[in-house]
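Take a look at the letters that make up each chain.
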Amino acid sequence: MMFSSLFMAFAVVSLAQAVQFNVTVGGGPLRYDPQFVNANPGDTIIFTFKQSNHTASQSTFAQPCVKASNGFDSGFMPVSSSNTDGPFPAAQYTVQDMNPVWVYCKQGNHCEQGMVFAINPGTQFAAFQAAAMGNTTVSSSSSASVTATATTPTGVVTATATITGGGQTVTTTYGSFPGSAAPTSAISTDHKVVVGGSTLTYTPSNITAQIGDTVTFQFMQKNHTATQSTFADPCRSLTLTSTSGQVGFDSGFMAVASNATTFPTYTIQINNTAPIWVYCKQSGHCGQGMVFSVNAVESGANNFAAFKAQAIRLNGTSSTSSTTSAGVQATQTKSGGVVKMNDRGTRVLVGIVGVVSMAGMFLA
């Protein structure tokens, strides 16, 4: 009996020691509210995302606006401007130790406008935010000073993704890969691609598109995705295989009932004419040839037929990495809940909260 009482007392003390910090992301000003917290190991941070489309992505003190290697990343969380009462997507992070954790929003230039957050920053938060706003590099030992470093301007092209499903339409504009060609077409074309249905195919499976055109994937029965990959690794996400930190687009799973009469769509905009490789990441589908391409060079070795054959041959098991740059990004919405993040690049969804959008390697 005494043991039981001691155990219960210990449990109550342990629960009392764990604290939950609620952080609002966006919803008006480009900021996290509060901008930093002081937390103990075991405490949790709940990031609740408001309008418009933000992330909670781990960076470093030295590079505030660059995602840390193996750092956590909520991915993009689009929230419609008409959604003022919720539910809102949320991401959870559990504090591991007393070391500082630096966080930023990787949407466009939000970080450069001071949209950063920190856990246990000590006296360094002001320097961290100043470095972010100056697009500078700072010494990790600095408490208040900022040391600027020269940076070479790069042309960042904006891309737009529009996702419709579940009665909601969310349009998001964000930065594409540096160096992408700017859209030049005065007249753009929307290419409709049907995903799944009675066959494991994208129809059509290979198209030619111009800069400024859009590709709209319409998802039919069962549960499919439109996920960017590479020619070398047809059945693995570009986000996972890139050696240069590229983030490929991913619609996420789009479950459609057999008796559905309305169908979700996912739209990307073409920013340059480099080939774009796409696959369905539903188990076994890619290995059965469920792949798609934009601007594959049919006269060369890396044509669509070769891409499909590569997918069937490898069946998603290749570990080859790739550095291809398609210059297109997108975000996705899906029914979901709280994204539970850690610092090892894994992610799970727990609970039912609202619309969840992920584009990073995390959520983790």
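Quick caveat: nothing in here was measured; it's all calculated off a predicted structure.

Cut-offs applied
- In every chain, residue numbers begin from 1 and rise along the written sequence.
- In keeping with the model being predicted, local features are shown solely for residues with a pLDDT of at least 70 and side-chain atom pairs are shown and tallied solely at 80 or more, while totals for entire chains, interfaces and linings include all residues.
- The basis for every side-chain value is the complete set of heavy atoms in the structure, and neither hydrogens nor water enter the calculation.
- Strands here mean DSSP runs of E at least two residues long; helices mean DSSP runs of H or I at least four residues long; both are numbered from the N terminus.
- Relative accessibility thresholds used throughout: buried, under 20% of the residue-type maximum; exposed, over 50%; partly exposed, between the two (1.4 Å probe, protein chains only).
- The contact criterion used is simple: two residues touch if any of their non-hydrogen atoms lie within 4.5 Å.
- Two strands qualify as a pair provided DSSP detects at least 2 bridges between them.
- Ring geometry is summarised as follows: Phe, Tyr and Trp rings, the Trp one being its six-membered ring, pair when their centres sit within 6.5 Å, and such pairs are stacked at plane angles under 30 degrees, edge-to-face over 60 and tilted between the two.
- Counting as a charge over the ring demands two things of the Lys NZ or Arg CZ atom: a distance within 6 Å of the ring centre and an angle within 35 degrees of the ring normal.
- Take the buried Ala, Val, Leu, Ile, Met, Phe, Trp, Tyr and Cys residues and link them wherever side-chain atoms come within 4.5 Å; each set so joined is a nonpolar core.
- In the sections that follow, a salt bridge refers to a side-chain nitrogen of Lys or Arg positioned within 4 Å of a carboxyl oxygen of Asp or Glu.
- Fitted lines through C-alpha atoms give the axes, limited to the stretch in contact for helices. The angle between two N-to-C directions lies from 0 to 180 degrees.
- As a per-residue measure, pLDDT tells how confident the predictor is, with possible values from 0 to 100.

(A) Main features of the overall build of the protein. Of the regular secondary structure elements, the protein holds four helices and 26 strands. Considering the protein as a whole, with its 364 residues, one finds that 49% of them fall into the buried category. Counted over contacts in the protein with a minimum sequence separation of 6, partners at least 24 positions apart contribute 66%.

(B) Seen up close, unusual backbone geometry. The omega torsion across glutamine 51 and serine 52 is 10°, close enough to zero to call that bond cis. In this fold, serine 52 is placed in the loop between strand E4 (44-49) and strand E5 (53-54). That bond from threonine 203 to proline 204 is cis: its omega, -5°, falls within 30 degrees of zero. Note on placement: proline 204 falls in the loop between strand E14 (202-203) and strand E15 (206-207). One non-glycine residue, lysine 222, lies in the positive phi region at around 90°. Considering the arrangement of structural elements, one finds lysine 222 in strand E17 (residues 222-224).

(C) Region of interest: the pairing of strand E9 (residues 101-104). Of the two faces of E9, the one lined by Val101 and Val103 and the one lined by Trp102 and Tyr104 are each fully buried. In this structure, strand E6 (residues 57-58) lies alongside E9, joined through two bridges in antiparallel fashion. In the sheet register, serine 57 faces E9, and the bridge partner there is tyrosine 104. Summarising the sheet, E9 and strand E10 (residues 116-119) pair through four bridges and their orientation is antiparallel. Counterpart to tyrosine 104 in the pairing with E10 is valine 116.

(D) Region of interest: the packing of aromatic side chains. The full count for this structure, using the stated rule, is 16 aromatic pairs. On the basis of an interplanar angle of 80° and a centroid distance of 5.5 Å, the ring pair of phenylalanine 47 and phenylalanine 117 is categorised as edge-to-face. Placement of the pair is phenylalanine 47 in strand E4 and phenylalanine 117 in strand E10, with a sequence separation of 70 residues. What makes phenylalanine 47 buried here is its relative accessible area of 0%. Lying across the ring of phenylalanine 88, lysine 50 places its NZ or CZ 4.8 Å from the centre.

(E) Quick look at the nonpolar core. Counting 21 residues, the largest nonpolar core has Tyr202, Val215, Phe217, Phe219, Phe292 and Val294 as the members making the most contacts within it. In terms of residue count, the dominant contributor to this core is strand E16 (residues 214-219) (three residues). Once you skip the residues sitting within four places of it in the chain, phenylalanine 219 turns out to touch Val195, His224, Thr225, Ala226, Ser251, Met254, Val256, Phe263, Pro264 and Tyr266. Counting 20 residues, the second-largest nonpolar core is a separate cluster that includes Ala39, Phe72, Tyr93 and Ile119.

(F) Spatial organisation of the pattern of salt bridges. Counted by the stated rule, this structure contains three salt bridges. With its nearest N and O atoms 2.4 Å apart, the salt bridge here joins lysine 106 to aspartate 73. One end of the pair, lysine 106, is in the loop between E9 and E10; the other, aspartate 73, is in the loop between E6 and strand E7 (77-78), and 33 residues separate them in sequence. Judged by its relative accessible area of 19%, lysine 106 falls in the buried class.

(G) Region of the structure containing the sheet that holds E10. The four strands lie next to each other as E3-E10-E9-E6, forming an open sheet whose pairing is mixed. With partners counted over all chains shown, the strands left at the sheet margins are strand E3 (36-37) and E6, one partner each. Helix H2 (residues 125-133) contacts E3, E9 and E10 of the sheet and is inclined by roughly 150° relative to E10.

(H) Geometry of the sheet that holds E15. The strand order E15-E22-E21-E18 describes an open sheet built from four strands, whose pairing is mixed. Each of the sheet's edge strands pairs with one partner strand only, and the pair in question is E15 and strand E18 (227-229). Bridging between E15 and strand E22 (residues 291-294) involves two bridges; their strand directions are parallel. Residue pairing across strands places isoleucine 207 opposite valine 294, the latter belonging to E22.

(I) Inspection of the confidence of the model for the protein at higher detail. Of all residues in the protein, 67% have pLDDT values of 70 or greater, and the mean over the chain is 73. Considering only residues more than four positions removed or in separate chains, one finds that residues 135-186, a stretch of pLDDT under 50, has 132 contacts. With pLDDT under 50 throughout, residues 318-337 is counted as low confidence; its partners more than four residues away or in other chains account for 101 contacts.

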